[in-house]
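So you can see what is in the structure, the chains are spelled out below.
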Amino acid sequence: MKKFFFSLFLLLITLAIQSTIANYILVGGIQLNLVLVIVISTSLIFGEFFAIIFGFFAGICSDFLFGHILGLFAFVNMISAFISLRVKRIFTGEHYIIPTIVMIIVTEIWVFLTHIISFSLGKEVIQGNLINKIIYQPLINGLVMLIIHPIIKKIGSLLK
Amino acid sequence: MREVYKKVMALSLPRRKNKIILGILIVLCIILASFNLKYQNILPIGKSIILEVVSPLQEAVTFLINPFIKSIKTINKLSNILEENRILTEKTNTLLKENIYLKELERENRELRELLGSSYYEQFEIKLAKVIGKAKTGWKHSFFIDKGTNHNIKINMSVISQSGLIGRVITTSRNFSEVKLITDPNSSIAAMVQDSRKTGIIQGIGTNTLKFDLVPKEAEVDIGDIIITSGLGGIFPKGIQIGRVSDIKNLDYELYKTIKILPACNFDNIEEVLIITNFTSLD
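All figures in this text were calculated on a predicted structure; none of them were measured in a lab. (Residues numbered from 1 in each chain as written. Chains lettered and ligands numbered in written order. Predicted model: local features only at pLDDT ≥ 70, side-chain atom pairs only at ≥ 80, totals over all residues.)

Draft legend 1. A look at the overall build of chain A. Within chain A one finds six helices and two strands. In sequence order, chain A lays out its α and β elements as α-β-β-α-α-α-α-α. Whereas a compact globule of 160 residues would reach a radius of gyration of roughly 15 Å, chain A reaches 15 Å, a difference of no more than 12%. Overall, chain A is about 45 × 30 × 30 Å in size when its C-alpha atoms are taken along their principal axes. Expressed as a percentage of the 160 residues in chain A, the buried residues total 48%. Intrachain contacts of chain A at a sequence separation of at least 6 include 66% that bridge at least 24 residues. (Helix = DSSP H or I, 4+ residues; strand = E, 2+ residues; numbered from the N terminus. Rg over C-alpha atoms; globule rule 2.2 N^0.38 Å. Buried ≥ 20, exposed ≤ 12 C-beta atoms within 10 Å, placed from the backbone. Contact = placed C-beta atoms within 7 Å.)

Following this line, the structure appears as structure tokens:
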């Protein structure tokens, strides 16, 4: 129950920050994807079942607030959360840099999937924007993961 | 052997369960996307619910960060102040000349208005709203504002600023609304050149510039020309400034001119917007 309320609170705060502060955190004109950072960070802490459910709900909320196709972010966030745990298995140990590396890899997958699906459903993809996203989005997400993940991990261990 | 089998099953069952849930949710996503593509009205219903929950938090965060954002903007402005001063001095000289001419026009206009009755703009009622959040992705450009159906805000109402057109209301909840910006890739506005009255369609392209489409190649359009709403389509009132022409190309393989427009509003700095509440849209 604690985990549920914590996730709900975290999700609401994240959505509020994504639509306010995140607009000012730009690298190469690309905005931080805080929702994805939180989804991946919590997935690495709470495991596969949580990753799937939280990824889906965070995605649905993103779809309603920032999305252009209902279900797209829900699908991509859920798959990204699921994959993040598979990617993490490649690495051994608990080095603090591992979540950041996972975040970078998963962000690339996220960018690839969202653009492929949007393009397949007839949405225009701006080339310059896509290239900037491929380069800068993983960097900025990875950097924020480096700061945020230890905090969420600490709260997660308190909840456990 | 049975013991080993039981242990293996006990280990693999949660994983299999997770995969089943994942499969169900993937199917759900596909169903949602299909419904959304067929019935466009699903998104606004869910959005108004989410808006009611998230917007108070957005409002609080905006309230907290605004002083910091303003300070950073002031520091940035200070570094450009000398150059800005030179440009402003030049502009003042030009504006002084224009002012004399405009005063004459104003007098003439007042006389004509008295002859015709009330002015066109005086008929509009305007409501002020604060921008509490933004959604800016490659596919979507929108603002969240702190006024909703409780404040008589309705879908398709035009949203403007002192500089010009911002967009239109696309979703409303009780206390909050979403405004689709003119830069949104799905935004189309009937527009015309203020001087030559040549009409076309202004389209958002997901960047900070706009595309002025369907303007014939022989039409007279120059860089710097002001583009205003034409009133066609019935959503936006006629005569609201959209922006200025920043680039024109006559490409051989295109049927129409390729015109880029720089919006009159700087969407990154807008904190407050004005909503025209009594213009009746045609749909």
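Draft legend 2. Highlighting the overall build of chain B. Broken down by element type, chain B carries three helices and twelve strands. Of all 283 residues assigned to chain B, the portion counted as buried reaches 30%. The long-range fraction of contacts in chain B, counting pairs at least 24 apart against all pairs at least 6 apart in sequence, stands at 57%.

Draft legend 3. Examining unusual backbone geometry more closely. Residues and elements named next belong to chain B. The backbone phi angle of asparagine 152 is positive, close to 70 degrees, even though this residue is not glycine. By secondary structure assignment, the location of asparagine 152 is in the loop between β2 (140–145) and β3 (158–160). Non-glycine residue asparagine 156 carries a positive phi angle of around 80 degrees. Its location among the elements puts asparagine 156 in the loop between β2 and β3. Note on asparagine 156: 16 C-beta atoms within 10 Å, which makes it partly exposed.

Draft legend 4. Summary view of the confidence of the model for chain A. Here chain A averages 90 in pLDDT, while 99% of its residues score no lower than 70. When pLDDT is averaged over each helix and strand of chain A, the minimum, 84, is found for strand β1 (residues 26–27) of chain A and the maximum, 94, for helix α2 (residues 34–46) of chain A. (pLDDT = per-residue confidence, 0-100.)

Draft legend 5. Examining the packing of helix α4 (residues 72–90) of chain A against helix α5 (residues 98–120) of chain A more closely. Residues and elements named next belong to chain A. The contact between α4 and α5 brings their axes to 9 Å, and the two run at 145 degrees. Along this stretch, α4 crosses α5, giving a crossing that reads as right-handed. Packed against α4, whose contacting residues are Leu72, Val76, Ile79, Ser80, Ile83, Ser84, Val87 and Lys88, the element α5 presents Ile98, Val102, Ile105, Val106, Ile109, Trp110, Leu113, Thr114, Ile117 and Ser118 at the interface. Of the residues assigned to the contact of α4 with α5, the class counts are 13 nonpolar, four polar and one charged. (Axes fitted to C-alpha atoms, helices over the stretch in contact; angles between N-to-C directions. Left-handed = near helix turned anticlockwise from the far one by under 90°. Nonpolar A, V, L, I, M, F, W, Y, C, P; charged D, E, K, R; others polar.)

Draft legend 6. Structural view of α2 of chain A. All names here are of chain A. Its 13 residues place the ends of α2 18 Å apart at the C-alpha level, agreeing with the 18 Å of an ideal helix rising 1.5 Å per residue. With twelve of 13 residues buried, α2 is to be regarded as a mostly interior element. For α2, the complete set of buried residues consists of Leu34, Val35, Leu36, Val37, Ile38, Val39, Ile40, Ser41, Thr42, Ser43, Leu44 and Ile45. Positioned one or two residues after α2, glycine 47 has a phi angle of 95 degrees, which is positive. (Expected span 1.5 Å × (residues − 1).)

Draft legend 7. Local environment of the interface of chain B and chain A. Facing 35 residues of chain B, the contacting portion of chain A comprises 33 residues. Among the secondary structure elements, those contributing two or more residues to the side of chain B that touches chain A are α1 (2–38), α2 (42–79), β1 (126–137) and β2 of chain B. Of all the elements, α2 of chain B adds the most residues to the side of chain B that touches chain A, at 13 residues. For the side of chain B that touches chain A, the per-class residue count stands at 21 nonpolar, ten polar and four charged.

Draft legend 8. Main features of the sheet that holds strand β8 (residues 210–213) of chain B. Residue and element names in this part refer to chain B. One closed barrel holds the six strands; their spatial order is β6-β7-β8-β11-β10-β9, and the pairing between them is antiparallel. Across the sheet, the mean angle from the axis of one strand to that of its neighbour is 40 degrees, orientation sign disregarded. Strand direction decides the pairing type here: strand β6 (residues 188–193) and strand β7 (residues 199–204), joined by five bridges, are antiparallel. Bridging from a neighbouring strand, alanine 190 pairs with isoleucine 201 of β7. (Pairing = 2+ DSSP bridges.)

Draft legend 9. Looking closely at the sheet that holds strand β5 (residues 177–181) of chain B. Residue and element names in this part refer to chain B. Here we have six strands rolled up into a closed barrel, ordered β1-β2-β5-β4-β3-β12, and antiparallel in their pairing. When strand polarity is set aside, the average angle formed by the axes of neighbouring strands in this sheet is 45 degrees. Bridging between β2 and β5 involves four bridges; their strand directions are antiparallel. Residue pairing in the sheet places phenylalanine 143 in a bridge with valine 179 of β5.

Draft legend 10. A look at the pairing of β5 of chain B. All names here are of chain B. Counted residue by residue, β5 has five buried out of five residues, so it is predominantly covered. Burial along β5 is two-sided: the face carrying Ser177, Val179 and Leu181 and the face carrying Glu178 and Lys180 are both buried. Where strand β4 (residues 165–172) lies against β5, five bridges are found, and the strand directions are antiparallel. Residue pairing for β5: threonine 171 is matched across the bridge by glutamate 178. Counting the residues in the hairpin turn of β4 and β5 gives four residues.

Draft legend 11. Fine view of the environment of threonine 229 of chain B. Residues and elements named next belong to chain B. Inspection of the secondary structure puts threonine 229 in strand β9 (residues 226–229). For the pair formed by threonine 229 and glycine 164, sequence separation is 65 residues and the distance between their alpha carbons is 10.0 Å. If sequence neighbours within four positions are ignored, threonine 229 has contacts with Leu165, Ile189, Ala190, Ala191, Phe236, Pro237, Lys238, Gly239, Ile240 and Ile242.

Draft legend 12. Structural view of the domain arrangement of chain B. Taken domain by domain, chain B comprises domain 1 (80–117) and domain 2 (126–283). Centre-to-centre, using C-alpha coordinates, domain 1 of chain B lies 25 Å away from domain 2 of chain B. (Domains from an automatic or database assignment.)

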